[in-house]
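Observations on the three-dimensional arrangement
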Amino acid sequence: MTSTPLQLYFVTAPGLEATLCEEVRSLGFHGARAQRGGVSASGGWSEVWRANRAVRGATRILVEFASFRVVHLSQLDKRARKLDWGAILKPGVPVRVEASCRSSKIYHAGAAQERIETAIREVFGSRVDDDAPVTIRVRIDNNVCTLSVDSSGEPLHKRGFKLAVAKAPLRETLAALFLRQAGFAGTEPVIDPMCGSGTFAIEAAEMAAGLWPGRARTFAFEQLATYDAGRDPGVSTQERAVPEGVRFYGFDRDENAVRMARENAERAGVTDLTVFKQQPLSALTRPEGPAGLILSNPPYGGRIGNKARLAALYRAFGDAVRRDFAGWRAGLVTDDEKLARATGLSFAYQSAPVDHGGITVKLYLTAG
């Protein structure tokens, strides 16, 4: 079950698959291909370790270790008992099992989950626990059962730095992919005039400095039989110098949000690259230095506030861009095209719809 190459599956929010695929390819993962809900690629266990630490846009990384045709529960039970669970699971480490069924003769996910749990307990001897650090995912689709292990554990947006959050925070994984969609490559300044807890500015600073997102957290793969700490290179030194005069700015009228953003930036080690300041949108002015990107995740009616009042906020965003940011690209993430149009800006790019905590949003971006 552990022969190379393994099939890796990088999970992301639907609508961001192509953008994540670009990132996965840029990091040298073999055979990267966008699929619904994620990106598939291949590699050995060392690539699994690197993927969890280095990929910014994935929610989690699954590793497929078995696949077989199955049409009834007794057959699933028999096949599960023949698997070499010890090639994946470590003795004494509890396991959690999640199952899903689609377009198959086995249609009861709970029954399928129970069969796999029983096989793990009785054949391998592991304890099955809902709070276990290792999760086995069972997918039965068109009568083919695929078993994968979640190599990430906690979702990958949990970098370990953003402990303080404002209202309706944007996940770091989404921020990284929206920055990539906006053309950010780490060589230009970024401003978020409604920064909340600072996600866009901090993520941009980390990208510019070459800091791996998973450099300071643990992962489920460390609890697997396949993990060898002696062969694990850990976090590679990819840090690079940020161009002179390029900084990453976050502004917010909420003093508490600015305080949280500063604390998050300090934990992430990017205090020297970021500037956070309390100020209203009307006070936004262009900093000295090269043109860059203005990118924000402002309030929207489906998330925070009243849309009738929010239209004025979006108009103020557009006014600030036109007033003082000639040559800059400007983008915002929102669930309402009418609010985006209220800016009066001419958007050259509109992303595919993306699920953000149950709300469908898009990135709107000007050409600069």
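**Describing the sheet that holds strand β2 (residues 30–35)**
- Taking strand neighbours across the sheet as the criterion, the 7 strands line up as β2-β3-β1-β4-β7-β6-β5 in an open arrangement whose pairing is mixed. Pairing within the sheet leaves two strands with one partner each, and these edge strands are β2 and β5 (95–102). Neighbour to neighbour, the strand axes of the sheet diverge by 25° on average, direction disregarded.
- The sheet contact formed by strand β4 (residues 60–69) and strand β7 (residues 144–150) spans 7 bridges and is antiparallel. Across the sheet, the residue bridging to L62 is D150, located in β7.
- Contacting β1 (6–11), β2 and β3 (38–43), helix α1 (residues 17–26) runs over the sheet at an angle of about 170° to β2.
- Taken strand by strand, helix α3 (residues 73–82) contacts β4, β6 (134–141) and β7, and its axis lies near 115° from that of β4.

**Focus on the environment of W49**
- Secondary-structure assignment places W49 in helix α2 (residues 45–54).
- Judged by relative accessible area, W49 falls into the buried class, the value being 1%.
- Separated by 102 residues in sequence, W49 and S151 have C-alpha atoms that sit 8.2 Å apart.
- Not counting the four nearest positions on each side in its chain, W49 is found in contact with F221, T226, Y227, D228, R231 and D232.

**What about the pattern of salt bridges?**
- Under the counting rule described, the total for this entry stands at 20 salt bridges.
- The salt bridge partner of K158 is E154, with a shortest N-O separation of 3.5 Å.
- The partly exposed category is assigned to K158, whose relative accessible area is 39%.
- Accessibility expressed as a relative area gives 47% for E154, which makes it partly exposed.
- Among the ionic pairs, E206 bridges to R215, the shortest N-O distance being 3.0 Å.
- In this structure R215 comes out as partly exposed when scored by relative accessible area, which is 24%.
- Residues joined in a network through salt bridges with shared partners are R56, R159, E203, E206 and R215.

**Examining the packing of aromatic side chains**
- Across all of its chains, the model carries 10 aromatic pairs by this definition.
- For the pair F65 and W85, a centre-to-centre distance of 5.8 Å together with 70° between the ring planes defines the contact as edge-to-face. In this pair, F65 is assigned in strand β4 and W85 in the loop between α3 and β5, connecting sequence segments 20 residues apart.
- On the basis of relative accessible area, F65 is assigned to the buried category, the value being 6%.

**Description of the nonpolar core**
- Core analysis: the biggest nonpolar cluster contains 110 residues, and F10, I136, L147, F178 and F248 have the highest contact counts within it.
- The biggest single contributor to this core is helix α6 (residues 199–209), with 8 residues.
- When near neighbours in sequence (up to four residues on either side) are disregarded, F178 contacts L16, L170, F200, L295, V333, S351, V354, V361 and L363.

**Considering the environment of S46**
- Relative to the elements of secondary structure, S46 occurs in helix α2.
- Since its relative accessible area comes to 34%, S46 is described here as partly exposed.
- Spatially, the C-alpha atoms of S46 and R240 are 23 Å apart, while their sequence positions differ by 194 residues.
- Within polar-contact distance, the side chain of S46 engages the side chain of E47 at 3.4 Å.

**Some words on the packing of helix α5 (residues 172–181) against α6**
- Where α5 contacts α6, the axes come no closer than 9 Å and their chain directions differ by 65°. Overall, the two elements α5 and α6 adopt an arrangement that is roughly perpendicular. In this structure, α5 crosses over α6, and the sense of that crossing is right-handed. Mapping the contact onto sequence places E172, A175, A176, F178 and L179 in α5 and T199, F200, E203, A204 and M207 in α6.
- Its residues placed into classes, the contact of α5 with α6 shows 7 nonpolar, 1 polar and 2 charged.

So, how was this worked out
- Residues numbered from 1 in each chain as written.
- Predicted model: local features only at pLDDT ≥ 70, side-chain atom pairs only at ≥ 80, totals over all residues.
- Heavy atoms only, no water.
- Pairing = 2+ DSSP bridges.
- Helix = DSSP H or I, 4+ residues; strand = E, 2+ residues; numbered from the N terminus.
- Axes fitted to C-alpha atoms, helices over the stretch in contact; angles between N-to-C directions.
- Contact = heavy atoms within 4.5 Å.
- Buried < 20%, exposed > 50% of the residue type's maximum accessible area, 1.4 Å probe, protein only.
- Salt bridge = Lys/Arg side-chain N within 4 Å of Asp/Glu carboxyl O.
- Phe/Tyr/Trp six-rings, centres within 6.5 Å; stacked < 30°, edge-to-face > 60°.
- Core = buried A, V, L, I, M, F, W, Y, C linked by side-chain atoms within 4.5 Å.
- Polar contact = N/O pair within 3.5 Å; in protein donor to acceptor, adjacent residues only side chain to side chain.
- Parallel < 35°, antiparallel > 145°, perpendicular 65-115°, else oblique.
- Left-handed = near helix turned anticlockwise from the far one by under 90°.
- Nonpolar A, V, L, I, M, F, W, Y, C, P; charged D, E, K, R; others polar.

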